[in-house]
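# Notes for the structure review
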Amino acid sequence: MKKGIVIGGGIAGLVAAIRLAAYGYEITLLEKQKELGGRCRSYQLNAYFFDGEFVPVMMPEVIGEVYREAGEELDPDLRFIPLPVNSRHFFYNKTVIDLSADPDYMMEQLTAFSPEEQNRFFDYLSEAQRMYEVIEDYVIRKPNRSWTDFFRNKAVWHGLKARPFESLDAFHRRYFKDHRLIAMMNRYALYVGSSPYQAPAALAILSYLEMVHGLSYVEGGNRRLVEALVRLAKKVGVMIHTSCEVEEILVKEGQAAGVKAGGEKWEADFVISNVDVQVTKNNFLGRKEDKPERLSSSGILWLLGVKQSYPQLLHHNYFYPDDVGRQYIDIFEQQRWPESPLIYVGNSSVSEPDRAPEGASNLTVMVPVPSGSRENVETYREQLLFLLDKVWGLKDLKDHIETEQIMGPAELEELTNAKGGALNGRAFHGFRSLIRPPMKDKKVRRLYYTGSTTYPGHGGVSASALSGLHVARILRDDHEYLIEMEEKRKAKQLKKEARHASKIKTADKAPVSSQQKGMND
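Described in the following lines is the structure provided in the data block. Quantities reported herein were computed from a predicted structural model and do not represent experimental measurements. (Residues numbered from 1 in each chain as written. Predicted model: local features only at pLDDT ≥ 70, side-chain atom pairs only at ≥ 80, totals over all residues. Heavy atoms only, no water.)

### Comments concerning helix H1 (residues 11–23)
Under the 1.5 Å per step criterion, the end-to-end length of H1 is 18 Å for 13 residues, consistent within 8% with the ideal 18 Å. Of all 13 residues that make up H1, twelve are buried, and the element is covered over most of its length. For H1, the complete set of buried residues consists of Ile11, Ala12, Gly13, Leu14, Val15, Ala16, Ala17, Ile18, Arg19, Leu20, Ala21 and Tyr23. At the C-terminal side of H1, Gly24 shows a positive phi close to 115°. (Helix = DSSP H or I, 4+ residues; strand = E, 2+ residues; numbered from the N terminus. Expected span 1.5 Å × (residues − 1). Buried < 20%, exposed > 50% of the residue type's maximum accessible area, 1.4 Å probe, protein only.)

### Focus on the nonpolar core
Counting residues in each nonpolar core, the largest one holds 109 residues, and the members touching the most others are Leu20, Ile27, Phe121, Met184 and Leu225. Dropping the residues within four chain positions of it, Phe121 is found in contact with Met106, Leu110, Phe176, Leu181, Met185 and Met211. Of all hydrophobic cores here, the second largest spans 26 residues; its members include Tyr310, Leu313, Leu397 and Ile406. (Core = buried A, V, L, I, M, F, W, Y, C linked by side-chain atoms within 4.5 Å. Contact = heavy atoms within 4.5 Å.)

### Section: the environment of Glu486
Within the secondary structure, Glu486 is located in helix H14 (residues 461–509). Assessed through its relative accessible area of 31%, Glu486 is described here as partly exposed. Separated by 92 residues in sequence, Glu486 and Leu394 have C-alpha atoms that sit 67 Å apart.

### Examining the sheet that holds strand E10 (residues 246–252)
The three strands are arranged E10-E11-E12 in an open sheet whose pairing can be described as antiparallel. Of all strands in the sheet, those bounded by a partner on one side alone are E10 and strand E12 (264–267). Across the sheet, the mean angle from the axis of one strand to that of its neighbour is 30°, orientation sign disregarded. Bridge analysis of E10 against strand E11 (residues 255–261) gives six bridges, and the strand direction is antiparallel. In the sheet register, Ile249 faces E11, and the bridge partner there is Val259. (Pairing = 2+ DSSP bridges. Axes fitted to C-alpha atoms, helices over the stretch in contact; angles between N-to-C directions.)

### Description of the sheet that holds strand E15 (residues 316–320)
Strands in a sheet are paired, the pairing made by backbone hydrogen bonds, and the direction either parallel or antiparallel. With mixed pairing, the seven strands of this open sheet are ordered in space as E7-E6-E15-E16-E17-E14-E18. Only two strands of the sheet have a single partner each, and these edge strands are strand E7 (96–99) and strand E18 (401–407). Strand after strand, the sheet turns through a mean of 20° between neighbouring axes, direction not considered. Pairing geometry for E15 and strand E16 (residues 343–347), over four bridges, is antiparallel. Note that in E16 the partner of Tyr318 across the bridge is Tyr344.

Listed below in structure tokens is the structure:
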């Protein structure tokens, strides 16, 4: 069990490959696309540079952990820069508030925005911190071999303290009366493609990470991160093949034995899939679909190179409609694209001017839509243009677009191999959502899973890296267990052989009786 294949070169797949190669395994990574990175990949349109991942970077220290576990120093070309202001939020009534991890600045913002909510806001963050400390031990940092792991070591009782039976929206209404604050805190459900009315309160830990630990961005964009991880992978011996689409996972005697990719057979002792768990089972193993479950949302990803600057925008920006709750009904209940969506607009040229020409903007627009939907992206583009220009004040946007690329669920599915373009697999709805698909296949031995559809179940950079570390540790533990069992078997066999030899030797040395002697004569 020394030779393995990793399917998919997203962050989780890269990290799993790096960690296992550093352990001493012979690892081959196969990627369908020409470039690595998955949903974390970057794009260049003329002189404009974009990142496809809209979830802000939390817990950048996890990437440092990847390097330490590989026995290497952090790449000097890889730098995470803290944002002084996490995000700016625009509301239909023309009010604006910045969210920051700086408590003094945050107090100033709340004084002007909603002074009656100041104390409750910090009480809320205190409770979110307590929840995070519970969930970090039993979900974020704990590898999940099977669904039963969640209930071991009294974890379920600690989990109950994290309010798993209370919705995120209900939890927020315990603290806030201002519907704008509720809308801002509820948006964290969208980080995992879910509705705050059905997602568990435990997702409030994302607000704690953002509002207390702060957000960062990768200097030079996510491309810099992917390139650094690729260099590390090659340094520790990972063999990488791009434009190599896997067609089948080979199974021999109930055990993963390699893959078929590009018309060739690639033999291995184990396989790790960084592809959507259900897609892996359906497409690579030929299994019938498991019981259908509500998928997380997909999105519209619209990259815009605009020959105009917008001083009102920061690095991360959110625009809230009058009835922001309506979009969750549209997406998760009506299965239709929202008419008045919450719109995310990234503008990284604010932090790094060289990511767009002078006086221009590189806008990344993201809107959640139902996964698997096939509505007309171009028609929706016109609707978004109207909202951003006429409603939200990005004046003359249409007239200043120099270059653009727009992707919907179908394109995101093709890019990431995520079913229906659902970038987080099963939606985080209800208590069961905390129990993600296990990282070990239940039917095929030595087949493992990693990525946003497993643990921790969040598509951000650090969460994906943690998932890759988790699966590598699980596999190594399994291998060490097999070695231990084999050593015990050999020791037992040696003892058995020794006892047998001792009996033979004793029989040879036994004295011959007079009766036996007479018979011999």
